[in-house]
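# An overview of the molecular structure
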Amino acid sequence: MGTQRTAVVTGASSGIGAATARALAAEGFRVVCAARRADRVAELAAEIDGLAVTCDVTDATSVAGLAEAAGPVVHVLVNNAGGAFGSDPVEKADPEQWRAMYDVNVLGTLHVTQALLPALRASGDALIVNMGSTAGRIAYEGGGGYTAAKHGTQVLTETLRLELVGEPIRISEIAPGMVRTDEFAMVRFAGDREKADAVYAGVPDPLLAEDVADAVAWVATRPSHVNIDELVIRPRAQAAQHKVHRVN
Ligand code: 8X3
C-alpha cells in the first residue's frame, strides 16, 4: 500500500471543519487541523491522530506557517474557515464587518490556496474543496455582506477550476443551506443566544456539521477523474432560502 495521504482542513476548531477533519481521518487521511484556537485543534488532532496547526487564514505569514507544517505533499485541501458577522441591512451595515467577511471567506481561501498549491501539485492527484454556502447563490435581507462574500468564494472556485484545467487538481465547492452548528449563528449575532436560536426555531431537522462533512468525504473519495463541481445541500425542511418549514 502507498503512504498515507494528507488533507488540510482550515477552520477545524469547531462545526463543519472539525466534523470534516474527523470524516477525512475516518477515510484514512492524515489530517492537518488548522484554526486560530490552538487548544481546540490540539484536542482534535490528538483524537484523530492528526497534526494541529494554529493558523489565521487572513494572515499570510500565519498561512505560510501552515504550508510549512503541512509538508511538501498535500492531497486534499478543505478551505472551510469562514463565517458571517452581522445581519444589518445594506443601509446600516458596518463596512468593517463586510471587510472582515471578505477577508476570511474570500482572501482566507485565496491565501491558503496559494500557499498550498505547490504541495497539492506535488501530490500528482489533488483536490481542493471550498466551503461555500447557499448564501453564495441568492440574496436575502440583512445578508448582504455575507452573501457578497460567499458569492466571492463561489466565483473564486470557478475561476480556479478554469485556470488549473489540465493539471491533476480537482476543484469543488460545497454549498450548504441551514446547518445548525454551535457557533455559526452565535458569531453572526455577536453572542445573542435568542437571535441565534431563532434561526433554527421550529425547524424539524436542520443539517448537522456531520452531514456536510459526509459530503466532503464523498467528494474526496470519488475516482480521480470525477470532479464534483458544486454540491448544494439543504435540510429537507428548507426548500429555498426563504421557504423553511417550521413547526409551532
Ligand atoms: C449559511 C447559510 O442561510 O445562513 O452559510 O446564509 S445562511
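Report on the accompanying structure. (Residues numbered from 1 in each chain as written. Predicted model: local features only at pLDDT ≥ 70, side-chain atom pairs only at ≥ 80, totals over all residues. Heavy atoms only, no water.)

Moving on, we come to the overall build of the protein chain. Secondary structure summary: the protein chain contains eight helices and eleven strands in total. Whereas a compact globule of 248 residues would reach a radius of gyration of roughly 18 Å, the protein chain reaches 17 Å, a difference of no more than 12%. When the backbone C-alpha atoms are referred to their principal axes, the protein chain occupies close to 55 × 40 × 35 Å. Counting the 248 residues in the protein chain, one finds 49% classified as buried. A fraction of 67% describes how many contacts in the protein chain between residues 6 or more apart in sequence connect residues 24 or more apart. Summed over its atoms, the accessible surface of the protein chain is roughly 11800 Å², and 53% of this surface lies on carbon and sulfur atoms. One finds the centroid of the 22 positive side-chain charges in the protein chain at a distance of 4 Å from the centroid of its 30 negative side-chain charges. (Helix = DSSP H or I, 4+ residues; strand = E, 2+ residues; numbered from the N terminus. Rg over C-alpha atoms; globule rule 2.2 N^0.38 Å. Buried < 20%, exposed > 50% of the residue type's maximum accessible area, 1.4 Å probe, protein only. Contact = heavy atoms within 4.5 Å. Areas by Shrake-Rupley, 256 points an atom, 1.4 Å probe, with all protein chains shown as cover. Lys, Arg positive; Asp, Glu negative; His and termini not counted. Charge placed at Lys NZ, Arg CZ, Asp CG, Glu CD.)

Glancing now at helix α2 (residues 38–48). Among all positions of α2, only V41, L44, A45 and I48 are buried. All buried residues of α2 project into a common sector of 100 degrees when viewed along the axis, lining one side. Exposed residues on α2 whose side chains face more than 90 degrees from its buried face are D39, E43 and A46. Looking at the buried side of α2, the elements it contacts are α1 (15–26), β2 (30–35) and β3 (51–54). Residue D49 follows α2 closely and has a positive phi angle near 60 degrees. (Arc of directions from axis to C-beta.)

Next up on the list: the site of the ligand. The local shell around the ligand consists of S133, A135, Y140, Y146, G177, F184, R188 and Q241. Side-chain polar atom of Y140 to an oxygen atom of the ligand: 2.6 Å apart, as the coordinates give it. The separation between an oxygen atom of the ligand and a polar side-chain atom of Y146 is 2.6 Å. A per-class count over the shell around the ligand returns four nonpolar, three polar and one charged. (Near = heavy atom within 4 Å. Polar contact = N/O pair within 3.5 Å; in protein donor to acceptor, adjacent residues only side chain to side chain. Nonpolar A, V, L, I, M, F, W, Y, C, P; charged D, E, K, R; others polar.)

Let us look at the nonpolar core. Side chains of nonpolar character tend, in soluble globular proteins, to be buried together. By size, the foremost hydrophobic cluster in this structure holds 36 residues, and its most contacted members are L24, V31, C33 and I174. Of all the secondary structure elements, the ones that give two or more residues to this core are β1 (6–10), α1, β2, α2, β4 (76–79), β5 (126–131) and α8 (209–220). Sorting elements by how many residues they give to this core places α8 first, with eight residues. Among the nonpolar cores identified, the runner-up in size contains 25 residues, and A67, A81, A126 and L160 belong to it. (Core = buried A, V, L, I, M, F, W, Y, C linked by side-chain atoms within 4.5 Å.)

Let's shift gears to the packing of α1 against α8. One can describe the packing of α1 onto α8 by two numbers: an axis separation of 8 Å at closest approach and a directional angle of 45 degrees. Judged on the interaxial angle alone, α8 and α1 are oblique. For the crossing formed where α1 meets α8, the hand is right-handed. For the pair α1 and α8, contact is made by G15, I16, A19, T20, A23 and L24 and by A209, E210, V212, A213, V216, A217 and A220, respectively. Residues of the contact of α1 with α8, tallied by class, amount to ten nonpolar, two polar and one charged. (Axes fitted to C-alpha atoms, helices over the stretch in contact; angles between N-to-C directions. Parallel < 35°, antiparallel > 145°, perpendicular 65-115°, else oblique. Left-handed = near helix turned anticlockwise from the far one by under 90°.)

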